[in-house]
Amino acid sequence: MIYSLVVLLAVVLDQVTKLWILRSFELYESREIIPGLFNLVYVTNPGAAFSFLADVDSPWRHSFFLGIGLLASIGLTLYYYKLRAAHRAYAVALGLIVGGALGNLIDRLRFGSVVDFLDFHLAGHHWPAFNVADSAICVGAVLFLITSFIEEKKTTRTNT
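Another point: the pairing of strand 2 (residues 38-45). Taking burial as the measure, the eight residues of strand 2 include six buried ones, the bulk of the element. Pairing geometry for strand 1 (residues 30-34) and strand 2, over four bridges, is antiparallel. Paired with Arg 31 across the bridge in strand 2 is Leu 40. Following strand 1, the chain reverses through three residues before pairing antiparallel with strand 2; Gly 36 in that reversal takes a positive phi of roughly 75°. Pairing analysis gives six bridges linking strand 2 to strand 3 (residues 114-122), with the strands arranged antiparallel. Counted as the bridge partner of Asn 45 is Val 114 from strand 3.

Here it is, written out as structure tokens:
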């Protein structure tokens, strides 16, 4: 139940924020929110995280990313069912990752690319724009690693 709720929450929050950006901004428009640190922008990304493969001009790129997103969502959902009894945090971690993947998959199906809008920069260094789905994937991955580390420590202590 927790897993499904987290997936749903991540997808809804991602899509609602992107809808707000689409309705409130022109493509490439930027609004400074915190001077010298944070802007809201409206950009699109036909590639993966940090525009990976965005410059590849291939008819297969779109299909590749759709396939990866779908396979990752299915595979991680199956993996969740294997891990669900181990620790409740796995439900949250994998739910965030799958919800983020589905949020970006929806964009790829609707627009052919992903809508990004969170833009951080500091002292001349600029982080590539990202979105709520990307954030959910990153937070979920970190939570998954921390939970796995904790569970491994418990297993090691129990077996010694």
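Along the chain, Asn 104 turns up in helix 3 (residues 88-111). Excluding residues that lie within four positions of it along the chain, Asn 104 makes contacts with Asp 14, Lys 18, Val 114, Asn 131, Ala 133, Asp 134 and Ile 137.

The next subject is the packing of aromatic side chains. One pass over the full model with this rule turns up seven aromatic pairs. Ring geometry for Phe 120 and Phe 130: centres 5.9 Å apart, planes at 15°, overall stacked. Highlighted residues: Phe 120 in strand 3 and Phe 130 in the loop between strand 4 (125-126) and helix 4 (132-159), separated in sequence by 10 residues. In this structure Phe 120 comes out as partly exposed when scored by relative accessible area, which is 33%. Look at Phe 130 and you get buried, because its relative accessible area is 16%. Through a chain of ring-to-ring contacts, three or more aromatic side chains come together here, namely Tyr 3, Tyr 80 and Tyr 81. The ring of Phe 25 carries Arg 31 above its face, with NZ or CZ at 3.9 Å from the centroid.

For Arg 84, the location among the structural elements is in the loop between helix 2 (60-83) and helix 3. Separated by 81 residues in sequence, Arg 84 and Tyr 3 place their C-alpha atoms 8.9 Å apart.

We now examine unusual backbone geometry. Even without a glycine there, the phi angle at Tyr 28 is positive, about 75°. Mapped onto the fold, Tyr 28 is located in the loop between helix 1 (2-24) and strand 1. Judged by its relative accessible area of 61%, Tyr 28 falls in the exposed class. The backbone of Ala 123 shows a phi angle near 50°, a positive value even though the residue is not glycine.

Attention now moves to the nonpolar core. The biggest cluster of nonpolar side chains holds 12 residues, and these are Tyr 3, Val 7, Val 11, Tyr 80, Leu 83, Tyr 90, Ala 91, Ala 93, Leu 94, Ile 97, Val 98 and Phe 144. When residues of this core are traced back to their parent elements, those giving at least two are helix 1, helix 2 and helix 3. Contacts of Tyr 80, omitting those with residues within four sequence positions, involve Tyr 3, Tyr 90, Ala 91 and Leu 94. Listed in part, the 10 residues of the second largest apolar core include Ile 21, Leu 40, Tyr 42 and Leu 118.

The next point concerns the sheet that holds strand 4. In space, the four strands of this open sheet follow the order 1-2-3-4, with antiparallel pairing throughout. The sheet is open, and its two borders are formed by strand 1 and strand 4, each paired with just one other strand. Helix 1 rests against strand 1, strand 2 and strand 3 of the sheet, and its axis sits at about 85° to strand 3. Where helix 3 meets the sheet, its contacts fall on strand 2 and strand 3, and the angle it forms with strand 3 comes to roughly 125°.

What counts and how
Per-chain numbering applies: the sequence of each chain, read as written, is numbered from 1 onward. The model is predicted, so local features are restricted to residues of pLDDT at least 70 and side-chain atom pairs to those at 80 or more, both for listing and for counting; the totals for chains, interfaces and linings are taken over all residues. Hydrogens and water molecules were not included; the side-chain quantities draw on all heavy atoms of the structure. Only protein chains enter the calculation, and the probe is 1.4 Å; a residue is then buried if its accessible area is under 20% of its type maximum, exposed if over 50%, and partly exposed in between. A run of H or I in DSSP counts as a helix once it spans at least four residues, and a run of E counts as a strand once it spans at least two, with each numbered from the N terminus. Strands are labelled as partners when DSSP assigns at least two bridges between them. Whether two residues are in contact is decided by their heavy atoms: any pair within 4.5 Å suffices. A pair of aromatic rings is counted whenever rings of Phe, Tyr or Trp (Trp by its six-membered ring) have centres within 6.5 Å, and the orientation is called stacked for planes under 30 degrees apart, edge-to-face for over 60 and tilted otherwise. Distance and angle both matter: a charge sits over a ring if NZ of Lys or CZ of Arg is within 6 Å of the ring centre and within 35 degrees of the ring normal. We call a set of buried Ala, Val, Leu, Ile, Met, Phe, Trp, Tyr and Cys residues a nonpolar core when their side-chain atoms join them within 4.5 Å. In this analysis an axis means a line fitted to C-alpha atoms, helices contributing only their contacting stretch, and an angle means the value between N-to-C directions, from 0 to 180 degrees.

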